[in-house]
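Listed here are the chains, written in short residue letters.
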Amino acid sequence: MSERDRDRVSEPGRTQAHVSDKQSKKAASLPGSLLALGVLLWEWATKTARSERRHPRRAEFASPPPGCAECAEKAKRGAKPSEALKVEPVSHEQIGTFLVVCAFLVALAGGIGFLITYWTGGSNLVLGATLALCFFGLGMTLILWSHLLTLNIEVAEPREPMQSPPEERQTAVEDFQAGANQIHRRGLLKWMIAGASGTFGAIFLTMFRSLGQSPDSTIYSTVWKRGQRLVTSEGKPVSVDMLVPGSTVIVFPEDSIGSEKSQTVLVRVDESLLQLPSDRMDWAPNGNLAYSRVCTHAGCAVGMYETTTHQLVCPCHQSTFAVLRAAEPSSGPADRALPQLPLYADEDGILRAGGGFSDIPGPGYWGMP
Amino acid sequence: MIGLLARTVDNRLRASKFLRSAINHVFPDHWSFMLGEIALYCFVILVATGVFLAMFFDGSSAKVIYHGSYGPLRGVEMDKALESVIHISFDVPAGLLIRQIHHWAANIFIGAILVHQARIFFTAAFRKPRELNWVVGMTLLILAMVNGYLGYSICGDLLSGAGMRIGYSILLSVPVIGPWITFLLMGGTVPVDATIPRMLALHIFLVPALITVLIAVHLGIIWRQMHTNYPGPHRSHKTIVGSRLWPSYTLKSLGLFLLIFAVVAALGGLVQIDPVWVYGPYNPVAILPGAQPDWYLGWVEGAMRLFPGVHIASSGKLWVPEVFFPAVLFPAGLFGLLYLYPFLDELFTFDAREHHVLRLPSEQPFNTAFGCGLIALLVVLEFAGGDDVVAVAGDLSVVEIRAVLRVLVFVLPVITWAVAYALCRRARGRHSGLGAGAGFAEGGGAQGDGMNAG
């Protein structure tokens, strides 16, 4: 068997197709050949494979292989002059057949497994594994077929330069010119094309207007109005001593609970620590400070508070804001302070907004005041 | 059978000539030429699984109370979009598998394009006449990343909502037209109900259509120009060496397709990705510490984290906010440079000839060093994009990590550049020193020179 293989290596161009047909039938039908295949497999895996890796198995041919009827036929029919450089012969057909059949059986098992799993309502894990097995088997079948049961011929073929021959290009341009010359009043046509393009462009751009509203006054809004009570997300009003120093709560204006833009973080700190600017000294009754909770950098919710350093931290890009110093940015990519909400306590000790945020909350944009 | 089919078609289309040239088309055998195919086949898988998902996905921001089979979220208010994603994941047979295959295939799609582009870059395959396809390829990379972002942003979960909020802020930061395009494209101030349907329209119609067209253009150009060859015997600007489309290449390529499908099926089944039910519904007030974009946008995220707070303001008004520089200007500049690279290479090497034999990395020290430096930069930025995760994992302070990364982001690319340059020069010297015995690279160099002379 191995001798025949060696024969085939030396004559790769022989009428390969017939041989392989017969061979594969034999390998598939005779169970006794399994043992032989095992031996061959062992030989192939140890000796042959190792030696072949060092010395590529491909036999080199300077000219087309002598027996390549296909090549000769092509040459006769005026095919592109191509050169077969290397022919990789089918050297271990039995092993190839064995492996291909194995791979296909794996695919079959995977496919059947998938179907059973699907119809019995199995888990995603098993579905994925069986589907993967099925496609792995099919893929390996083809790959093995291409490597072990296909006569692989490496060819060299001439390339055409990308440039057209000058005369071809010349005639193309001339034909275009000739055609253009058949059109009269070309100057007028040019103007009309320009006009049509302009009109179409204008219509196209105008249609974008349908997409949405213009940037309206809401983007300039400082959200809070003087006198509004601070309420929690459950709608509960917040009193001056609801928080203990070092804790925080999310608050909203009474009329827009849960709103993205009006979310405000209320922090209570020890009053003696405050370092607010002089004009904001009375914005923090009993050490209650309120800041916009929308990061000035990229608009994430500034949701974390570091108690020891009195810093608000944005989880998205790690900007930090110094709570004691009017939420000035202390590290990270943000460069503008979180807008502060002036607070006062009414006669019942309930916190109310003393006006809008000190600045427009949220990330910046062109022309933001 | 084949004869009958051939006759039937050919009688009507006179297809024999084309068919024969297609069958005999020569494709070089090299594993690195398979990278583009991996991307192509991932796209096929994405379209197939995407159609399946579109049958169930409800791209709406209308609020519903969840009553499905996933217990922990029962009674929670969420977008219909998220409800339908959870429905696909838990109630549609094989739905989770298909959804996870879709997400994994998207990641591999972008990864394959990236590695493919790197291969093109490091072997200078972008030289004339293939600048065209380099430009197409870069555009495909951008479209793939955009569609990835759109895809995970439409799910209506907390992570996608955070990503959408940041995207909104980035769009808003564009000078002059920022507020207008943000309001028009997104439909108002965030969060708006119009956003998810619009992103969905882009995600399943516009961007895939563009990708399809560009893939067709890409393949058309490759067909016309034929592949490059690595340097080696018989390879020159006048010949192409490889195996024919039929049968070798067809079998191998189809096999590759099936193997890729096997990989994404295994990942989709065995490795969880984007578990939206864990994140919960988007709520502008809620936060998700350790939130990351998908890896292919991590470098932009990293740039946003490292870039110092700088903005342009005058006379009491803000003009250009902080995020514009790292999130718009930097990526635009980087992609702009990469788009122009083939033309710059042509300009600086005074070489406008056709090239069909590749330049090995060692033969082009500057390009190789530039590419390595760029990779180093992107790796540092990617790392910075997860600095909070690193800080938690290593029990370090984010501020310290950031300080170190702000230095590394400049130093590491320069060092990488220098090392790569030196190594290339050395490798080049060694090859020429060994003369004819130097083997493949040297032989290739000679071939390449022969080609240039033509």
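Residues numbered from 1 in each chain as written. Chains lettered and ligands numbered in written order. Predicted model: local features only at pLDDT ≥ 70, side-chain atom pairs only at ≥ 80, totals over all residues. Heavy atoms only, no water.

Draft legend 1. Structural view of the state of the cysteines. Residues and elements named next belong to chain A. Counting across every chain of the model gives 1 disulfide over all chains. The disulfide partner of cysteine 300 is cysteine 316, and the S-S distance across this bridge is 2.1 Å. Across the S-S bond linking cysteine 300 and cysteine 316, the dihedral sits near -95°, which makes this disulfide left-handed. Highlighted residues: cysteine 300 in the loop between β7 (288-292) and β8 (304-306) and cysteine 316 in the loop between β9 (311-313) and β10 (320-322), separated in sequence by 16 residues. With respect to burial, cysteine 300 and cysteine 316 carry one shared label: buried. (Disulfide = S-S within 2.5 Å. Helix = DSSP H or I, 4+ residues; strand = E, 2+ residues; numbered from the N terminus. Buried < 20%, exposed > 50% of the residue type's maximum accessible area, 1.4 Å probe, protein only.)

Draft legend 2. Geometry of the sheet that holds strand β12 (residues 340-341) of chain A. Residue and element names in this part refer to chain A. Across the sheet, 5 strands lie side by side as β4-β5-β6-β7-β12; this open sheet has antiparallel pairing. In the strand order of this sheet, the two ends are held by β4 (230-232) and β12, each with one partner. Examined bridge by bridge, strand β5 (residues 248-253) and strand β6 (residues 264-268) share 4 bridges and lie antiparallel to one another. Its bridge partner being in β6, valine 249 is matched across the sheet by leucine 266. (Pairing = 2+ DSSP bridges.)

Draft legend 3. Seen up close, the packing of helix α3 (residues 35-54) of chain B against helix α5 (residues 95-122) of chain B. Residue and element names in this part refer to chain B. Closest axis-to-axis distance for the α3/α5 pair is 8 Å, and the angle between their directions is 155°. Between α3 and α5, the angle is such that the two are roughly antiparallel. The element α3 and its partner α5 pack so that their crossing is left-handed. Across the contact of α3 with α5, the residue classes break down as 18 nonpolar, 6 polar and 2 charged. (Axes fitted to C-alpha atoms, helices over the stretch in contact; angles between N-to-C directions. Parallel < 35°, antiparallel > 145°, perpendicular 65-115°, else oblique. Left-handed = near helix turned anticlockwise from the far one by under 90°. Nonpolar A, V, L, I, M, F, W, Y, C, P; charged D, E, K, R; others polar.)

Draft legend 4. Representation of the environment of B:Val241 within the structure. Residue and element names in this part refer to chain B. In this structure, valine 241 sits in strand β4 (residues 239-244). Classification of valine 241 by relative accessible area gives buried; the value is 1%. Along the sequence, valine 241 and phenylalanine 27 sit 214 residues apart, while their C-alpha atoms lie 7.4 Å from each other.

Draft legend 5. Looking closely at unusual backbone geometry. Put simply, B:Lys128 and B:Pro129 share a cis peptide bond, and its omega is 5°. Mapped onto the elements of the fold, B:Pro129 is located in the loop between α5 and α6 (131-153). The step from B:Trp246 to B:Pro247 runs through a cis peptide bond, and the omega angle for that step is 5°. In this fold, B:Pro247 is placed in helix α10 (residues 245-270). Backbone geometry places A:Arg185, a non-glycine residue, at a positive phi of 50°.

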